[in-house]
Amino acid sequence: MGGAVRDYAADWDALSRSDPEVARAIADELNRERSTLRLIASENYASPAVLAAQASTMNNKYAEGYPGRRYYGGCEFVDVTETLAVERAKELFGAEHANVQPHAGAQANMAVYGAFLDPKDPSQKVLGLVLPHGGHLTHGSPVNFSGKWFSFIGYEVDKDSETIDMDRVRDLALQHRPRMILAGFTAYPRVIDFEAFRRVADEVEALFMVDASHFIGLVAGGAYPNPVPHADVVTFTTHKTLRGPRGAVILSRSEYAKAIDKAVFPMMQGGPLEHVIAAKAVCLHEAMQPEFAEYAWRVVRTARALAGGLAGAGLRVVSGGTDSHLALVDLQPIGMTGAEAEATCEEVGVALNKNAIPFDPLPPATASGIRVGTPGPATLGMDEPEMAEIAGIIGDVLRRPEDGAVKEDARGRVRSLMDRFPAYPG
Ligand SMILES: *Cc1c(COP(=O)(O)O)cnc(C)c1O
């Protein structure tokens, strides 16, 4: 190991010489990440070790199949890294089986549906949270393969509490007799009652699937309930709270191992991305360290502090708070749309996204809310005092979006935060 490996793993000088246009854009992106406050709940900062594994010559290897049973020779070393990723995923989450090959969260979910559902049989239904209330595109949205090819029945959050009403989920399950019940969302701030979902699934003899993409890093650190003991299958992305490479993992009970593996390859994918799988192994190792638990708790603590600060600034926090890494914020009290808030915040160096709130009167392209998340700031080491400052900055610019002096001041405050908590220092 040493110099020779480093040259080939990620030779920045070679890229700058051979393709300055691409090199420039990559450098600009790094600079943007260093100067922008990242409150996008699905984004994070992968470690240099994760990035190095991804930028390695494992990129070059074809390895269709699974460790020990590949369709190509020369797989002895990618077998090492893929086996490490599988074993670490099983150990970290207490799972009986892990498939680390899905290229992304959407592919992982597609493989699970492929394993258990026949798209030609519309009587095989799936119960999932509707997109406007926090479900994901792959949970039955009509513009996605899930909604186009499979029969999804949508449940909603309760209008008053803005949380999931398990009685309503049970009623729908009894009415529709789904083959699968799906929990785990993309814009839902509260804890999910996995045991209650399991009971409903058992009552109607449905499979229980959890899409833990957003909160899996919190589970790894013990700061959010683990769905694995209750679910038949758990999918998750590795690049959100888990802070790894872009990609996904499927965990399951051993009785479903064969069906899941066959659905990932050869049903939905070809050759696995072994460089990305090596990086998944690295991020899972990082997630097993005590510092990662500290990070996970800091994520939740800071999300609560940020939500509280924004409420203090006159905004309405959906469901009254958060138990996770994100908060949904209703802008109707200040008469602004989500799209306007997103653009205004971007002007001062704060990256967040507009988001529909439950029962939103506006279409999704404008939306009445924003979604804010703290995985990024928590990785940089920010804590509760910084959240008070950030809530103050956001409150100031959103209340007076036309005031140039307020924006100039906000830009300076964001810059000084990012100077104190640098991304990729060095
Ligand atoms: C992000 C996300 C996905 C999709 O992941 P991609 O890697 O973007 O395909 C799926 N489900 C949920 C709940 C997510 O949050």
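On a predicted model such as this, the values are computed, not experimentally measured, just so you know. (Residues numbered from 1 in each chain as written. Predicted model: local features only at pLDDT ≥ 70, side-chain atom pairs only at ≥ 80, totals over all residues. Heavy atoms only, no water.)

A. Here's a closer look at the sheet that holds strand β11 (residues 316-317). A sheet is described by the order of its strands in space; here four strands give the open sequence β11-β12-β15-β14, paired in antiparallel fashion. Because the sheet does not close on itself, it has two edges, and the strands there are β11 and β14 (353-355). With two bridges joining them, β11 and strand β12 (residues 326-330) adopt antiparallel strand pairing. Residue pairing in the sheet places arginine 316 in a bridge with aspartate 330 of β12. Relative to β12, helix α13 (residues 290-312) is tilted by about 15 degrees, and along the sheet it contacts β11, β12 and β15 (369-373). Most of the contacts of helix α14 (residues 338-347) go to β14, to which it runs at about 170 degrees, and overall it touches β14 and β15. (Pairing = 2+ DSSP bridges. Helix = DSSP H or I, 4+ residues; strand = E, 2+ residues; numbered from the N terminus. Contact = heavy atoms within 4.5 Å. Axes fitted to C-alpha atoms, helices over the stretch in contact; angles between N-to-C directions.)

B. Layout of the packing of helix α16 (residues 384-399) against helix α17 (residues 404-420). Two elements in contact, α16 and α17, have axes separated by 10 Å at closest approach and are oriented at 160 degrees. With respect to α17, the axis of α16 lies roughly antiparallel. In the packing of α16 onto α17, the handedness of the crossing is left-handed. Between α16 and α17, the contacting residues are Glu386, Glu389, Ile390, Gly392, Ile393, Asp396 and Val397 on the first element and Val406, Lys407, Ala410, Arg413, Val414, Leu417 and Arg420 on the second. Split by residue class, the contact of α16 with α17 holds seven nonpolar, one polar and six charged. (Parallel < 35°, antiparallel > 145°, perpendicular 65-115°, else oblique. Left-handed = near helix turned anticlockwise from the far one by under 90°. Nonpolar A, V, L, I, M, F, W, Y, C, P; charged D, E, K, R; others polar.)

C. Broad picture of the packing of aromatic side chains. Counted according to the given criterion, the structure contains 16 aromatic pairs. When the centroid spacing of 6.0 Å and the interplanar angle of 45 degrees are considered together, the rings of tyrosine 155 and phenylalanine 197 count as tilted. Residue tyrosine 155 is located in strand β6 (residues 151-155), and its partner phenylalanine 197 is located in helix α9 (residues 194-203); the two are separated by 42 residues in the primary sequence. Across this residue pair, the class does not change: tyrosine 155 and phenylalanine 197 are buried. Each ring, one from phenylalanine 197 and one from phenylalanine 208, has its centre 5.6 Å from the other, and the planes form 5 degrees; the classification is stacked. Linking phenylalanine 197 in helix α9 with phenylalanine 208 in strand β8 (residues 207-211), this pair joins segments that are 11 residues apart in sequence. Of the two residues examined, phenylalanine 197 and phenylalanine 208, each falls in the buried class. (Phe/Tyr/Trp six-rings, centres within 6.5 Å; stacked < 30°, edge-to-face > 60°. Buried < 20%, exposed > 50% of the residue type's maximum accessible area, 1.4 Å probe, protein only.)

D. Quick look at unusual backbone geometry. With an omega dihedral of 15 degrees, the bond running from phenylalanine 265 to proline 266 counts as a cis peptide bond. As for its placement among the helices and strands, proline 266 is situated in helix α11 (residues 257-268). A positive phi is found at phenylalanine 359, a non-glycine position, where the angle reads about 60 degrees.

E. Fine view of helix α8 (residues 166-176). Where α8 is concerned, the buried positions are Met166, Val169, Leu172, Ala173 and His176. Summarising the axial view, the buried residues of α8 lie within an arc of 120 degrees, below the 170-degree limit, and thus occupy one face. Seen from the buried face of α8, the exposed residues on the opposite side, beyond 90 degrees, are Asp167 and Gln175. Tucked into the core, α8 has its buried residues touching β5 (125-129), β6, β7 (180-183) and α9. Its side-chain oxygen at 3.0 Å from the backbone nitrogen of aspartate 167, aspartate 165 defines the N-terminal cap of α8. Two residues or fewer past α8, arginine 177 is found with a positive phi of approximately 50 degrees. (Arc of directions from axis to C-beta. Polar contact = N/O pair within 3.5 Å; in protein donor to acceptor, adjacent residues only side chain to side chain.)

F. Broad picture of the pairing of β15. In terms of residue burial, β15 counts as a mostly covered element, since five of its five residues are buried. Residues Gly369, Arg371 and Gly373 point to one face of β15 and Ile370 and Val372 to the other, with burial holding for every one of them. Of the pairings in the sheet, the one linking β12 to β15 comprises five bridges and is antiparallel in character. Note that in β15 the partner of alanine 327 across the bridge is valine 372. The pairing of β14 with β15 spans three bridges and is antiparallel. Each bridged residue has a counterpart across the sheet, and for lysine 354 the counterpart in β15 is isoleucine 370.

G. Region of the structure containing the domain arrangement of the chain. Assigned domains within the chain: domain 1 (57-287) and domain 2 (291-420). Its C-alpha centre places domain 1 at a distance of 28 Å from the equivalent point of domain 2. Facing the 29 residues of domain 1 at the interface are 27 residues of domain 2. Ionic pairing is found between arginine 190 and aspartate 323, a salt bridge with its closest N-O pair at 3.1 Å. Applying the counting criterion to the domain 1 and domain 2 interface returns 16 residue pairs in polar contact (both at pLDDT 80 or more). Of all the secondary-structure elements, those providing two or more residues to the side of domain 1 that touches domain 2 are α10 (216-220) and α12 (274-287). Among the elements that make up the side of domain 1 that touches domain 2, the one with the highest residue count is α10 (three residues). Here the side of domain 1 that touches domain 2 is built from residues that sort into 13 nonpolar, nine polar and seven charged. (Domains from an automatic or database assignment. Salt bridge = Lys/Arg side-chain N within 4 Å of Asp/Glu carboxyl O.)

H. Quick peek at the layout of surface pockets. Here the largest pocket defines a volume of roughly 900 Å³. Residue contributions to the lining of the largest pocket peak at six residues, all from helix α3 (residues 20-35). Class assignment for the residues of the lining of the largest pocket results in 15 nonpolar, five polar and eight charged. Considering only enclosed or pocket space, the second largest pocket measures out at about 530 Å³ in volume. In terms of lining residues, the second largest pocket is bounded by 28 residues, among which Leu131, Pro132, Gly135, Ala356 and Pro364 are the most central. Going through the elements one at a time, β5, β6 and β14 are the ones with two or more residues in the lining of the second largest pocket. Classifying every residue of the lining of the second largest pocket gives 13 nonpolar, 12 polar and three charged. Mapped onto the domain boundaries, the lining of the second largest pocket takes at least three residues apiece from domain 1 (57-287) and domain 2 (291-420). (1 Å grid on protein atoms, 1.4 Å probe; cavity = no way out; pocket = protein on both sides within 12 Å on 5 of 7 lines; lining within 4 Å. Points joined across faces, edges and corners; volume = space filled by probe spheres on them.)

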